[in-house]
There are 2 protein chains.
Amino acid sequence: MAERIVIVGAGFAGLACARALGSSDADVTIIDRRNYHLFVPLLYQVATAALSPADIAQPIRRLLRRHKNVKVLLGELTGVDLPAQELCLRDGGRVPYDALVLATGSSFNYFGNPEWEEHAPGLKTVEDARRLRSRLLYAFERAEQESDPERQQALMTSVVVGGGPTGVEMAGAIAELTRNTLANDFHHIDPARARTILVETGPHILSTFPEELGRYAQERLTGMGIEIRCNSAVEEIGPGTVRIGEEVLPAGTVIWGAGIKASPVAEWLGVEGDRAGRVAVNDDLSAKGIEGVFVLGDSALLIDPATDKPLPGLAQVAQQQGNHLGRALRKRLQTGEPLPAFRFRDRGNTAIIGRNAAVFDWGHSRMKGGIAWLLWAIIHVYLLSGFENRMIVSAKWVWRYFTYQRGSRLITSEEEEQKPVIYDHPRPES
Amino acid sequence: MAERIVIVGAGFAGLACARALGSSDADVTIIDRRNYHLFVPLLYQVATAALSPADIAQPIRRLLRRHKNVKVLLGELTGVDLPAQELCLRDGGRVPYDALVLATGSSFNYFGNPEWEEHAPGLKTVEDARRLRSRLLYAFERAEQESDPERQQALMTSVVVGGGPTGVEMAGAIAELTRNTLANDFHHIDPARARTILVETGPHILSTFPEELGRYAQERLTGMGIEIRCNSAVEEIGPGTVRIGEEVLPAGTVIWGAGIKASPVAEWLGVEGDRAGRVAVNDDLSAKGIEGVFVLGDSALLIDPATDKPLPGLAQVAQQQGNHLGRALRKRLQTGEPLPAFRFRDRGNTAIIGRNAAVFDWGHSRMKGGIAWLLWAIIHVYLLSGFENRMIVSAKWVWRYFTYQRGSRLITSEEEEQKPVIYDHPRPES
């Protein structure tokens, strides 16, 4: 019987792994809670009304349809039965495996304050992005109707927590949306009064980048009217307020981008995770001490011998790991060779600051400004899987670049339960 | 003081009325529950994953931003205080008016069986379309995992209730989605086994069209594999089942398109509506017997002198009425002239059957087939407000026409309350 390889999660790691195993002798199953692969690095563009969810998402079935040995399963993992070598799913189903690949990603880390999430959501899912977009636009609608100047100013204030690439991209996109795109839409409020505040605990924003690029980002963001508060630890987030030390900032919208924690892989495997919940893996990406189980991407803790530091939670790390493991497993099936060690090849680090401004860091060299922005746009359009998406997204971006228009400014409020309903047809008597 | 004209609803009628009054001396307010105008005739394309919501929706503010005398208000009408000449909104606000224009559209009519709505939703909102799309795709995901052939067949069966243009368009789009687009995505199920059943009470589908066009539609739909059941009254809809006479059809997805009823305008105005809830209006579109209140579009009952029948609930009727009333009110402000009578100019009736097939009826002449389809596509791309939308939608359609791809096949389940949250900032002591 063919080896049953089960991959959980169709993000960058899981999808790359399934693709590398496509049309091989293995019997591959990929399981995800969603029916689509999401290009999370562009999710902030959905949240700020520049793109639609379908522009950055592709049905998993479509991406893998050429591979007859890969089965796609819609389901949610609730546990792993290691002795029986079976997965437990939310709907009660059990999926047996010979090799298990866990690529279930991460969620935002509120560092012991889970109650902040409600008031300051992060961006991980299409629903997050849609909700944030609605909240942002709705705050401005309310501001337009508000007669009290202080309340109006509060509604027009957005606070982004976290000065890493996520926070910088979000702050830049919000400032552009509120200052430029909405500028002509409202008659009562003056969008120039919209405030975007970026809060960072450390002394610099983009602290993982060379200082020169961090400084450049700071200058550009300030030039866009964004207020940057470094050395500012958020101490409390309430409904519409952020407290930094003694100061309380009233805000219409608060966005969290300050840190991630791994999915509950450690719990499923019954091992101890690190502070961020990651599970230690060997250099062949197998979980330490657990036979036949592999952990990839944001959930894996692997020290990079080149830097002596854990590999960061980046799409390129996840994608390379998935591809490496898929090829390695494929080769082992054919030749019986042991799995080779994974080596991360750093493709460079990037952050987009706004229209016409981005930074790149390749270690040995760096780049900033308009050319960096163009490079970023080309790379990201290329990375979006699927030709149609590339065509549409390029057309949208070119159009919006010249017009400052954002086509997806919809407040879609979902008052009803939107989970798809499925009816149970009675089984025939047998 | 300028005359305060308040328009409720930013559909085809309300938007046309506001535009016609744009940059006039009137003080215009347009109120809608949503921040966008929705091109409802293409909503079925969102439900069948061919378009994204943002492709067929435009922010109301953007559409009206050139007109400084038009105020856009996000709000939901709950009643009209006729003696005080004020509107009551859900959030407790009251809006005074000198002239009131009610253009609040319609919802689906379940003819005394409101409990059917849950199992057989209609298509009126973006949320409806998204929910239906999720339900449809999720049924196929479940079918892929189902081992019992009868249950599998049930999950792959879609029933569309109502053989008018809405039902015909929906059935055609579902058949294309399930038979062509999904065909290569699944490995276990055979999409050729997908059934689409169109149920109509009367003896013919498209009964408002000339018989020749109805027959053509019937042939084309049958050729696409759609089962048409005429003379079949739906007697019961339960979870996953539709009963016609004694026969119970098991179905994964049921869609309602069998009739509309007006929004509660009659209730708000304290008058008697007709069977479909419509309020009788004079030929200048003012509500009969109520000073200063106008009713437009699907909520208005106006006998067309040309046919001696009530004007149908079509986008073109609504749009012409809104435009007529806006111009008439504008002229009255300038010259004091009484409002002229509205005359409907029939632009022709159309229904799209599927790829390469549509019907047109202009009374004196008619058209069917591929040229009609092309004409339909050109008209609809043109009607979509906004240049960017036209460009994007055209590109998507051309691409999809040649590839059978549908880019928006996302199951986005909204488990959480998605209503935008807005925080109340304490008012300063005053």
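Residues numbered from 1 in each chain as written. Chains lettered and ligands numbered in written order. Predicted model: local features only at pLDDT ≥ 70, side-chain atom pairs only at ≥ 80, totals over all residues. Heavy atoms only, no water.

## Quick look at the overall build of chain A
Here is step 1: A tally of helices and strands in chain A yields 12 helices and 26 strands.
Here is step 2: Burial statistics for chain A: of 430 residues in total, 57% are counted as buried.
Here is step 3: Long-range pairs, those at least 24 residues apart, make up 65% of the contacts in chain A with a sequence separation of at least 6.
Here is step 4: For chain A, the exposed surface amounts to about 17,700 Å²; the carbon and sulfur share of it is 50%. (Helix = DSSP H or I, 4+ residues; strand = E, 2+ residues; numbered from the N terminus. Buried < 20%, exposed > 50% of the residue type's maximum accessible area, 1.4 Å probe, protein only. Contact = heavy atoms within 4.5 Å. Areas by Shrake-Rupley, 256 points an atom, 1.4 Å probe, with all protein chains shown as cover.)

## Some points on the UniProt feature "domain: FAD/NAD(P)-binding" (unreviewed entry) in chain A
Here is step 1: The positions that UniProt labels "domain: FAD/NAD(P)-binding" (unreviewed entry) are, in the present scheme, residues 4-322 of chain A.
Here is step 2: Strand forms 27% of residues 4-322 of chain A and helix 29%; the C-alpha atoms that close the span are 17 Å apart. (UniProt positions renumbered as here; feature names shortened; annotations may be inferred.)

## A closer look at helix H5 (residues 126-145) of chain A
Here is step 1: Under the 1.5 Å per step criterion, the end-to-end length of H5(A) is 29 Å for 20 residues, consistent within 8% with the ideal 28 Å.
Here is step 2: Most of H5(A) is tucked away, with 17 of its 20 residues classed as buried. (Expected span 1.5 Å × (residues − 1).)

## A look at the confidence of the model for chain A
All names here are of chain A.
Here is step 1: For chain A, mean pLDDT is 88; residues scoring 70 or higher make up 89% of the total.
Here is step 2: Scored below 50 in pLDDT, residues 413-430 shows 59 contacts in the model against residues more than four places distant or in partner chains.
Here is step 3: Two summary scores accompany this predicted model of the complex, namely pTM at 0.83 and ipTM at 0.74. (pLDDT = per-residue confidence, 0-100.)

## A short note on the sheet that holds strand E14 (residues 234-238) of chain A
Two modes of strand pairing occur in sheets, parallel and antiparallel, and in both the strands are linked by backbone hydrogen bonds.
All names here are of chain A.
Here is step 1: The three strands lie next to each other as E14-E15-E16, forming an open sheet whose pairing is antiparallel. Among the strands making up the open sheet, the edge pair consists of E14 and strand E16 (247-250). Between one strand and the next, the sheet's axes are offset by a mean angle of 20°, whatever the strand orientation.
Here is step 2: Where E14 lies against strand E15 (residues 241-244), four bridges are found, and the strand directions are antiparallel. In the strand pairing of E15, Val234 is matched with Ile244. (Pairing = 2+ DSSP bridges. Axes fitted to C-alpha atoms, helices over the stretch in contact; angles between N-to-C directions.)

## Some points on the side chain of A:Arg61
Here is step 1: Relative to the helices and strands, A:Arg61 is located in helix H3 (residues 60-64).
Here is step 2: A polar side-chain atom of A:Arg61 sits 3.1 Å from the main-chain carbonyl oxygen of A:Val72.
Here is step 3: Residues contacting A:Arg61, with those up to four places away along its chain left out, are A:Val72, B:Glu141, B:Glu144, B:Asp185 and B:Phe186. (Polar contact = N/O pair within 3.5 Å; in protein donor to acceptor, adjacent residues only side chain to side chain.)

## Thoughts on helix H10 (residues 370-383) of chain B
All names here are of chain B.
Here is step 1: The end-to-end C-alpha distance of H10 is 20 Å, a good match for the 20 Å that 14 residues give at a rise of 1.5 Å each.
Here is step 2: Those residues of H10 lying buried are Ala372, Trp373, Trp376, Ala377, His380 and Val381. Projected onto a plane normal to the axis of H10, the buried residues spread over an arc of 165° and lie on a single side. Residues of H10 that are exposed and angled more than 90 degrees away from the buried face: Ile371, Ile378 and Tyr382. (Arc of directions from axis to C-beta.)

## Structural notes on the sheet that holds strand E20 (residues 293-295) of chain A
Residues and elements named next belong to chain A.
Here is step 1: With parallel pairing, five strands are arranged side by side in an open sheet as E5-E2-E1-E9-E20. The open sheet terminates on both sides in strands that have one partner only, identified here as strand E5 (70-74) and E20. Adjacent strand axes in the sheet meet at a mean angle of 20°, parallel and antiparallel pairs treated alike.
Here is step 2: One ladder, built from four bridges, connects strand E1 (residues 4-8) with strand E9 (residues 99-102); its direction is parallel. Among the inter-strand pairings, Ile7 is bridged to a residue of E9, identified as Val101.

## Quick word on the packing of aromatic side chains
Residues and elements named next belong to chain A.
Here is step 1: Under the definition given, this model contains 10 aromatic pairs over all chains.
Here is step 2: Between Tyr110 and Trp256 the ring centres are 4.7 Å apart and the planes differ by 25°, which places this aromatic pair in the stacked class. Here Trp256 lies in strand E17 (residues 253-256) and Tyr110 lies in the loop between strand E10 (106-108) and helix H4 (116-119), a separation of 146 residues in the sequence.
Here is step 3: In this structure Trp256 comes out as buried when scored by relative accessible area, which is 4%.
Here is step 4: Aromatic side chains Phe360 and Trp362 sit 5.1 Å apart centroid to centroid with 10° between the ring planes, which places their arrangement in the stacked category.
Here is step 5: With relative accessibility at 5%, the residue Phe360 sits in the buried group. (Phe/Tyr/Trp six-rings, centres within 6.5 Å; stacked < 30°, edge-to-face > 60°.)

## Considerations on the domain arrangement of chain A
The extent of an interface is frequently quoted as the accessible surface area lost upon association of the parts.
Residue and element names in this part refer to chain A.
Here is step 1: Per the domain assignment, the segments making up chain A are domain 1 (4-108 + 260-335) and domain 2 (116-258).
Here is step 2: Between the C-alpha centres of domain 1 and domain 2 there is a distance of 32 Å.
Here is step 3: Listed by partner, the interface residues are 18 residues for domain 1 and 18 residues for domain 2.
Here is step 4: Buried area between domain 1 and domain 2, summed over both chains or domains, comes out near 1,600 Å², and the portion from carbon and sulfur atoms is 72%.
Here is step 5: Seen at the junction of domain 1 and domain 2, the total is one salt bridge.
Here is step 6: Between Glu127 and Arg34 there is a salt bridge, with its nearest N and O atoms 2.8 Å apart.
Here is step 7: Counting every contact that joins domain 1 to domain 2 gives two residue pairs in polar contact (both at pLDDT 80 or more). (Domains from an automatic or database assignment. Buried area = accessible area lost by both parts, 1.4 Å probe. Salt bridge = Lys/Arg side-chain N within 4 Å of Asp/Glu carboxyl O.)

## What to know about the environment of A:Asp185
Here is step 1: For A:Asp185, the position within the fold is in the loop between helix H7 (165-181) and strand E12 (195-199).
Here is step 2: C-alpha separation for the pair A:Asp185 and A:Ile379, spaced 194 residues apart in sequence, amounts to 32 Å.

## Things to note about the packing of helix H1 (residues 12-20) of chain A against helix H10 (residues 315-335) of chain A
Residue and element names in this part refer to chain A.
Here is step 1: In contact at an axis separation of 7 Å, H1 and H10 are set at 25° when each is read in the N-to-C sense. In terms of their interaxial angle, H1 and H10 are classed as roughly parallel. In the packing of H1 onto H10, the handedness of the crossing is right-handed. Residues Phe12, Ala13, Ala16, Cys17 and Ala20 of H1 touch H10, and the partners they reach there are Ala315, Ala318, Gln319, Gly322, Asn323, Leu325, Gly326, Arg327 and Arg330.
Here is step 2: For the contact of H1 with H10, the per-class residue count stands at eight nonpolar, four polar and two charged. (Parallel < 35°, antiparallel > 145°, perpendicular 65-115°, else oblique. Left-handed = near helix turned anticlockwise from the far one by under 90°. Nonpolar A, V, L, I, M, F, W, Y, C, P; charged D, E, K, R; others polar.)

## What to know about the environment of A:Ser232
All names here are of chain A.
Here is step 1: Its location among the elements puts Ser232 in the loop between strand E13 (226-229) and E14.
Here is step 2: Measuring from C-alpha to C-alpha, the distance between Ser232 and Glu150 comes to 23 Å, with 82 residues separating the pair along the chain.
Here is step 3: With sequence-adjacent residues up to four places away left out, Ser232 is seen in contact with Val199, Glu200, Thr201 and Ile244.
Here is step 4: Polar side-chain contacts of Ser232 include one of 2.9 Å to the backbone oxygen of Cys230.

## Quick word on the pattern of salt bridges
Here is step 1: On inspection of all chains with the given rule, the structure shows 37 salt bridges over all chains.
Here is step 2: With a closest N to O distance of 3.2 Å, A:Glu146 and A:Arg151 form a salt bridge.
Here is step 3: By relative accessible area, A:Arg151 is classed as buried at 9%.
Here is step 4: Among the salt bridges present, the one from B:Arg4 reaches B:Asp98, with a minimum N-O distance of 3.1 Å. In this pair, B:Arg4 sits in strand E1 (residues 4-8) while B:Asp98 sits in the loop between strand E8 (94-96) and strand E9 (99-102), placing the two residues 94 residues apart along the sequence.
Here is step 5: B:Asp98 sits in the partly exposed class, given a relative accessible area of 27%.
Here is step 6: Overlapping salt bridges bring together A:Arg61, B:Glu141 and B:Glu144 as one network.

## Things to note about a nonpolar patch on the surface
Here is step 1: Where nonpolar side chains cluster on the molecular surface, the patch consists of A:Ile379, A:Tyr382 and A:Leu383 and spans about 300 Å² of accessible area.
Here is step 2: By the secondary structure assignment, A:Ile379 is in helix H11 (residues 370-383). (Patch = residues over 30% accessible without salt bridge, like charges linked within 9 Å, V, L, I, M, F, W, Y side chains within 5 Å.)

## Some thoughts on the side chain of A:Arg151
Here is step 1: Residue position: A:Arg151 is located in helix H6 (residues 149-155).
Here is step 2: Engagement of the side chain of A:Arg151 in a polar contact is seen with the side chain of A:Glu146, the distance being 3.2 Å.

## Description of unusual backbone geometry
Negative phi is the rule for most residues except glycine; trans is the rule for most peptide bonds.
All names here are of chain B.
Here is step 1: Despite not being glycine, Leu206 has its phi angle at roughly 45°, a positive value.
Here is step 2: Under the relative-accessibility criterion, Leu206 is labelled buried at 1%.
Here is step 3: For Leu285, which is not a glycine, the phi torsion comes out positive at approximately 75°.
Here is step 4: Tracing the chain through its elements places Leu285 in the loop between strand E19 (279-280) and strand E20 (293-295).

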